[in-house]
Amino acid sequence: DGWELYSVEREMRRQGALRAGWKISDINRNFNFSPTYPQRLCLPEDISEANLINIAKFRSKRRLPALTYYFARKKVALLRSSQPMVGLTGKRGEEEESMFQDLNVTAIFDARPTENAF
């Protein structure tokens, strides 16, 4: 079974993330939260489930920012998510912005084609 080859908990422990303010969350158990994400996600350890729900509302298909790689020596985290649903009104995700501030996010890269980003 290929699903058993990778363990997010084992990998994040190996990278040192679980000793650096990150936790494994089961918020997507049975794919009920975001059907396109794995069941277990690595997320900031002090964020509440209520905040995660609000953050996900601002993202396409509820793909909230989740840790994919942690470089312990430099304390650098790489998170991924889907595009924000800003829309024509310029809507903002305040809970997500607060989370990014708490995590001291210094750069955000948008990989969408330019015409999709504006």
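Residues numbered from 1 in each chain as written. Predicted model: local features only at pLDDT ≥ 70, side-chain atom pairs only at ≥ 80, totals over all residues. Heavy atoms only, no water.

Caption draft 1: Region of interest: the nonpolar core. Counting residues in each nonpolar core, the largest one holds 13 residues, and the members touching the most others are Ile27, Leu41, Leu43, Leu52 and Leu64. Elements supplying a minimum of two residues to this core: β2 (41–44), α2 (49–57) and α3 (94–102). By residue number, the principal contributor to this core is α2, which donates three residues. In this structure, Trp22, Ile24, Cys42 and Tyr70 belong to the second largest nonpolar core, which totals eight residues. (Core = buried A, V, L, I, M, F, W, Y, C linked by side-chain atoms within 4.5 Å. Buried < 20%, exposed > 50% of the residue type's maximum accessible area, 1.4 Å probe, protein only. Helix = DSSP H or I, 4+ residues; strand = E, 2+ residues; numbered from the N terminus.)

Caption draft 2: Main features of the pattern of salt bridges. Taken as a whole and judged by the stated rule, the model has five salt bridges. Residues Glu11 and Arg14 are paired through a salt bridge, measuring 2.5 Å at the closest nitrogen-oxygen approach. Residue Glu11 and its partner Arg14 are located together in helix α1 (residues 8–15), separated by three residues, close to a single helical turn. Two residues, Arg40 and Asp26, come together in a salt bridge whose shortest N-O distance is 2.8 Å. One end of the pair, Arg40, is in the loop between β1 (22–25) and β2; the other, Asp26, is in the loop between β1 and β2, with 14 residues separating them in the sequence. Classification of Arg40 as partly exposed rests on a relative accessible area of 33%. A relative accessible area of 34% means that Asp26 is categorised as partly exposed. Beyond isolated ion pairs, a larger network of salt bridges with shared partners links Glu9, Arg13, Asp26 and Arg40. (Salt bridge = Lys/Arg side-chain N within 4 Å of Asp/Glu carboxyl O.)

Caption draft 3: Representation of the layout of surface pockets in the model. Estimated volume of the largest pocket: approximately 1,100 Å³. Forming the boundary of the largest pocket are 43 residues, of which Leu79, Phe100, Val105, Ala107 and Ile108 lie nearest the centre. Listing elements by their share of the lining of the largest pocket, those giving two or more residues are α2, β4 (76–80) and α3. With seven residues, the top contributor of residues to the lining of the largest pocket is α3. In the lining of the largest pocket, the residues fall into 21 nonpolar, nine polar and 13 charged. (1 Å grid on protein atoms, 1.4 Å probe; cavity = no way out; pocket = protein on both sides within 12 Å on 5 of 7 lines; lining within 4 Å. Points joined across faces, edges and corners; volume = space filled by probe spheres on them. Nonpolar A, V, L, I, M, F, W, Y, C, P; charged D, E, K, R; others polar.)

Caption draft 4: How the structure looks around α1. Of the positions making up α1, those classed as buried are Val8, Met12 and Gln15. Relative to the axis of α1, the buried residues are bounded by an arc of 60 degrees and lie together on one face. In this structure, the buried residues of α1 make contact with β1, β2 and β3 (66–71). Looking one or two residues past α1, Gly16 carries a phi angle of roughly 90 degrees, positive in sign. (Arc of directions from axis to C-beta. Contact = heavy atoms within 4.5 Å.)

Caption draft 5: Focus on the packing of α2 against α3. One can describe the packing of α2 onto α3 by two numbers: an axis separation of 7 Å at closest approach and a directional angle of 115 degrees. Residue-level inspection shows Asn51, Asn54 and Ile55 of α2 in contact with α3, the latter providing Glu95, Glu96 and Met99. (Axes fitted to C-alpha atoms, helices over the stretch in contact; angles between N-to-C directions.)

Caption draft 6: Examining α3 more closely. Within the span of α3, buried status applies to Glu96, Met99 and Phe100. Buried residues of α3, seen end-on, are gathered within an arc of 100 degrees and therefore sit on one face of the element. Residues of α3 that are exposed and point more than 90 degrees away from the buried face comprise Glu94, Gln101 and Asp102. Where α3 is buried, its residues contact β2 and α2.

Without other data, these values stay purely geometric and don't point to any function.
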